[in-house]
Amino acid sequence: MTSRWKVAGALAYRQMTVLIKNPALFLPPMLFPLMSFLAFAGGLSRLSQVPGFHYEGGYTSFVFVFVLLQSAAFSGVFMGFNVARDFETGFARRLMIAVSHRTGLILGYALSALLRWATVAIVLTIVAIVARMKIGGNGVDIVGLYTLAATLNFAGVLWSAGIALRMRSTQGAPLMQTPVFLALFLAPVYVPLALLQGWIHAVATANPITYLLEAGRGFLSGNHDVVLLAFACGVGLGALFLVWAVLGLRRAERAAG
Amino acid sequence: MIGTVAQVLEIARRSVVRTLRQPAQIIPNVTFPLLLLAINSNGLRAATHLPGFPTNSFLDFFIPVAFIQGALFASGTAGVDLARDIDNGFLNRLALTPLRRVALLLGQLGGAVALGTIQAIVYLGVGILAGVRFESGVAGAVLLFVLAVLLSLGFGTLGILLALKTGSGEAVQSAFPLLFFLLFLSSMNLPRNLISIDWFRDLATANPVSYMIEAMRSLVITGWDTQALALGFLFTILMIVLGLVGSARLLKTRMART
């Protein structure tokens, strides 16, 4: 166990070093959530006046939770690109030869994704506070919100790592990000679930991201809603994609001979 | 003069063929704006209940955004392709031939315009099938198509400009979010008069992309709005001219270096 965590720690350290030295890799995952937040909070705030829109925290808080979850998921997905790049450059093959517990590699990439997202989340939160986001929840609620987002980050990195370990090429990038993008935007992004109509309401109701979003918004406003279901969805997605990533690792091992 | 036209056509043919030979590039570029259109036209439908919202259909309101997104993607393709030419030395070899710089510049935009044309046809077709009705009639749909193709040309010149400035495909791709930022800070989601945050409304008002969207939108939901159309075409043509002039200056430097 100790060895597995040593591998994870060393890989996470290496990933963070690469990231710090390459702003081109670091900036897009940072800019996209900020862009989304500014566009949604600034451009769509009038939506809070739509009849039936009931959210105590105001529109800035309403969209902040979505953007926070989006940043968590995409920080995970972007780490999948790194896994694929490591295979393309041959670094991943050398790693697989060198380490005794290869599942430590998956943990290492997951830890890197979490650290990467933490920096994005800090900047995003500061920007949101400057934009006068209302926080109705207490400290425990806020911890709950960020923990929920972390589960999505974990699920995101394991999903994309699973693809990267199978394809071992950055050409798999669209396959990593498109389903995540769709899952996120097929949730109640701009208005509450009750205000969605037609097919998108049916899809959003069946979408686990919806419950993470609703629970997150509940945490931020201080009015808890669907918390257990949200954590079940988050942890469930994480567990499912952990199996997916480990099976991908086994396939990569077989491919390496 | 005939020689220059022939050179433009030859470079354009190469650019178009190179673009069309990459389905992995075309398919996401065409489908991604359609996905966003499907999601946002339903997800933001509640906005039509706001007092003063200009139409009952968010699809009608939002469809111009698909054309702009498509043009932005086409600009990325044009920029990355030229950056690749710089990177692999193709531009250096061209510098040894009698090819005129203007021919290279205009020809390189062929791929972006071809992709923009395909996108415009697809978005118009899908929009009409999904129930978009043009208040300006068939002539309005044709004018929207023309504006969409001009936008592909305009954003294509920005892609070329970025490629010539940086000479790197990665740098062009990294700058791409900044172009997208222009779209995000526009009146893409709500009419400017319904944007309640002052700083955002001011930014959207100062953003030329708002006028490009509003020109297209006017053809769908208003009819013939001369002011909106004049502003939309003005900013589009201005973007093309500035992009071409800037690219020509950069190309002069880059080809002189070779």
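Preceding this section is the structure that the text describes.
Each chain carries its own residue numbering, running from 1 in the written order of its sequence. Ligands are numbered from 1 and chains lettered from A, in the order in which they are written. Since the coordinates come from a predicted model, pLDDT governs what is reported: local features require at least 70, and pairs of side-chain atoms require 80 or more to be given and counted, while whole-chain, interface and lining totals use all residues. Where side-chain values are given, they derive from all heavy atoms of the structure, hydrogens and water being excluded.

Draft legend 1. Molecular detail of the overall build of chain A. Counting secondary structure elements, chain A contains ten helices and zero strands. The numbering of helices and of strands both runs from the N terminus, where a helix is a DSSP run of H or I of at least 4 residues and a strand a run of E of at least 2. Order of helices (α) and strands (β) in chain A, N terminus to C terminus: α-α-α-α-α-α-α-α-α-α. For this measure, only C-alpha atoms enter the radius of gyration; the expected value for a globule follows 2.2 Å times N^0.38, where N is the number of residues. Over its C-alpha atoms chain A spans a radius of gyration of 19 Å, differing by no more than 12% from the 18 Å that the globule rule assigns to 257 residues. Dimensions of chain A along its principal axes, counting C-alpha atoms only, are 60 × 35 × 35 Å. Counting over 257 residues, chain A shows a buried share of 56%. Counted over contacts in chain A with a minimum sequence separation of 6, partners at least 24 positions apart contribute 80%. Methods summary: accessible areas were calculated by the Shrake-Rupley approach with a probe of 1.4 Å, and residue burial reflects only the protein chains presented. Accessible surface, chain A: about 10600 Å² in total, of which carbon and sulfur atoms supply 69%. Accessible area is worked out with a 1.4 Å probe on protein chains only. A residue is then buried under 20% of its type maximum, exposed over 50%, and partly exposed in between. Should any heavy atoms of two residues lie within 4.5 Å, those residues are counted as being in contact.

Draft legend 2. Here's a closer look at the environment of Phe 134 of chain B. Residue and element names in this part refer to chain B. Position of Phe 134 relative to the elements: it lies in the loop between helix 6 (110-129) and helix 7 (137-166). Since its relative accessible area comes to 17%, Phe 134 is described here as buried. Not counting residues within four places of it along the chain, the set of residues in contact with Phe 134 comprises Leu 124, Ile 128, Gly 140, Ala 141, Leu 144, Leu 219 and Val 220.

Draft legend 3. The packing of helix 3 (residues 58-87) of chain B against helix 10 (residues 208-222) of chain B, seen in detail. All names here are of chain B. Where helix 3 contacts helix 10, the two axes come as close as 8 Å, and the packing angle between them is 130 degrees. In this view, helix 3 runs oblique relative to helix 10, as classed from their interaxial angle. In this structure, the crossing between helix 3 and helix 10 has a hand that is right-handed. Facing helix 3, whose interface residues are Asp 60, Phe 61, Ile 63, Pro 64, Val 65, Phe 67 and Ile 68, helix 10 presents Val 209, Met 212, Ile 213, Met 216, Arg 217, Val 220 and Ile 221. When residues are grouped by polarity, Ala, Val, Leu, Ile, Met, Phe, Trp, Tyr, Cys and Pro land in nonpolar, Asp, Glu, Lys and Arg in charged, and all others, Gly among them, in polar. When its residues are assigned to classes, the contact of helix 3 with helix 10 shows twelve nonpolar, no polar and two charged. Convention adopted: a line fitted to C-alpha atoms gives each axis, helices being fitted over their contacting stretch, and angles between N-to-C directions are expressed from 0 to 180 degrees. The scheme is simple: roughly parallel for angles under 35 degrees, roughly antiparallel for over 145, roughly perpendicular for 65 to 115, oblique for anything else. What makes a crossing left-handed is the near helix being turned counterclockwise from the far one by less than a right angle; a clockwise turn instead makes it right-handed.

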